[in-house]
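Breakdown of the fold
Given next are the chains, with one letter for each unit.
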Amino acid sequence: MEVVLGQVEQLPALLAVSRSALVRDWDSLTLDRALEWARYFQHLYDRFRARPQLREALGRRLRRAQPYPLLGFPALGRCPQLLGLALLENRALPPAACRSLLRSLLQPPGAGAGPEPRGLALLARRKAAARLLALPRRSPRGSPGPEPQLQAEAQLLLSRLREEGREAGEAAGQLRWLCGVLEQLPQPRAFEVVAAALAVLRRGSGAEQAGDRDRDGSGIDENLANAAEDGCTAELLLSWLLGNQERFSAFCLCLPCSLLACLAGQYSQLSKSYLDLLAGWGSHLLYDPLQGRWVKSCLDKAELSWEELRERFTCLCQGSTVLKEQTQAALKLLKTQDGDFEVRGLSVWTDLLMEV
């Protein structure tokens, strides 16, 4: 088993070389050896996927061998596709080796007489998705909802997260994979993708519930299973988002307050954390009697101005009835804790309640 673990440890190096300029020296024989290793790693996946202890051991060794936690045990099952995609995108690969690679992808060893070789459709879809996401971002003026590319990125993230869950079978592994992926994105874009994914999950849950009411009950079990899976996926996204206070603060500062209010109305965990964050920001405002308004007491701590804070609470109060009641209850509690004043200028919470 130690020999196998040592071999698996070489997978990150193989993929790194396939993306580098070193492949300019590859001939068809070298390429065939690389593809044989990829198929061997796929064989290990098929052999050990139903054995949790060995699967975890292989995953640990694989993660130990790389500088970032993107590859886990499920990557072994996709190794031919990962290697093929990396080589297809590498312009340094010589023409002869490239032709050999294409022949191998079109008719891999052991392929049956079916209309489509195993793995080729998956490789083509991922290549097309990579091309799509590389296009310049254009959001049509006046178009409602997230831009189409952002929706596509969110759907791809959810698909891979579900696939990782089915293969890895544990939430901790999914969360590690999710953290690794989102850390590769620029922070504003990562926040936008997570917000879009959370919105997609909630819309999907609502559509399934509506479908349940329209059918005779034959698809209810399947929809309940899908809803449970979506719930677990949402929990992972929220765990990543709420597990770090600095990250969540940056998330709330990055996104429009109307979108945050929409998400807060859909996810109770998020609404509570958002209200707590707003309470912290509001506590750093002081009333300036000369100006007759609330101002930031400490520029390095007060994230929002009075106007921005008021806008955010107003958006929350314009949401669902439950969210409005939750927001007003939070403001009343803060007002009581601050002295329960009824006169303007003495408590920021009194003034906010009068405003919103």
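Below: a short report on this structure. (Residues numbered from 1 in each chain as written. Predicted model: local features only at pLDDT ≥ 70, side-chain atom pairs only at ≥ 80, totals over all residues. Heavy atoms only, no water.)

This part covers the nonpolar core. If you look at the biggest cluster of nonpolar residues, it comprises 56 residues, and the most contacted ones within it are Leu 198, Leu 237, Phe 251, Leu 270, Tyr 274, Phe 313 and Leu 316. With 11 residues, the top contributor of residues to this core is helix 11 (residues 187–214). Formed jointly, this core draws a minimum of three residues from each of two domains, domain 2 (147–206 + 228–255) and domain 3 (257–355). Excluding its chain neighbours within four sequence positions, the residues that come into contact with Leu 198 are Ala 234, Leu 237, Leu 238, Leu 263, Tyr 267 and Leu 270. Listed in part, the 30 residues of the second largest apolar core include Val 4, Leu 11, Leu 15 and Tyr 45. (Core = buried A, V, L, I, M, F, W, Y, C linked by side-chain atoms within 4.5 Å. Buried < 20%, exposed > 50% of the residue type's maximum accessible area, 1.4 Å probe, protein only. Helix = DSSP H or I, 4+ residues; strand = E, 2+ residues; numbered from the N terminus. Domains from an automatic or database assignment. Contact = heavy atoms within 4.5 Å.)

In this section: the side chain of Arg 189. The topology assignment puts Arg 189 in helix 11. Since its relative accessible area comes to 8%, Arg 189 is described here as buried. There is a polar contact of 3.3 Å between the side chain of Arg 189 and the side chain of Glu 153. (Polar contact = N/O pair within 3.5 Å; in protein donor to acceptor, adjacent residues only side chain to side chain.)

Tallied over the entire structure, the rule returns eight salt bridges. Residue Glu 153 is joined to Arg 189 by a salt bridge in which the shortest nitrogen-to-oxygen separation is 3.3 Å. You can see Glu 153 sitting in helix 9 (residues 148–168) and its partner Arg 189 sitting in helix 11, a full 36 residues away along the chain. There is no split in this pair, since Glu 153 and Arg 189 are both buried. Between Glu 355 and Arg 310 there is a salt bridge; the shortest N-O distance is 3.8 Å. Of this pair, Glu 355 sits in helix 18 (residues 348–355) while Arg 310 sits in helix 16 (residues 306–317); the two residues are 45 residues apart in sequence, bridging distant segments of the chain. (Salt bridge = Lys/Arg side-chain N within 4 Å of Asp/Glu carboxyl O.)

Before going further, it helps to examine the packing of aromatic side chains. All chains considered together, the criterion is met by nine aromatic pairs. Plain terms: the ring middles of Phe 191 and Trp 240 are 6.2 Å apart, the flat faces sit at 50° to each other, and that makes the pair tilted. Taken as a pair, Phe 191 in helix 11 and Trp 240 in helix 12 (residues 220–242) lie far apart in primary sequence, 49 residues in all. Each member of the pair, Phe 191 together with Trp 240, is buried. Summarising the aromatic geometry, the rings of Phe 248 and Phe 251 are spaced 6.3 Å apart at their centres and angled 20° between planes, so their arrangement reads as stacked. (Phe/Tyr/Trp six-rings, centres within 6.5 Å; stacked < 30°, edge-to-face > 60°.)

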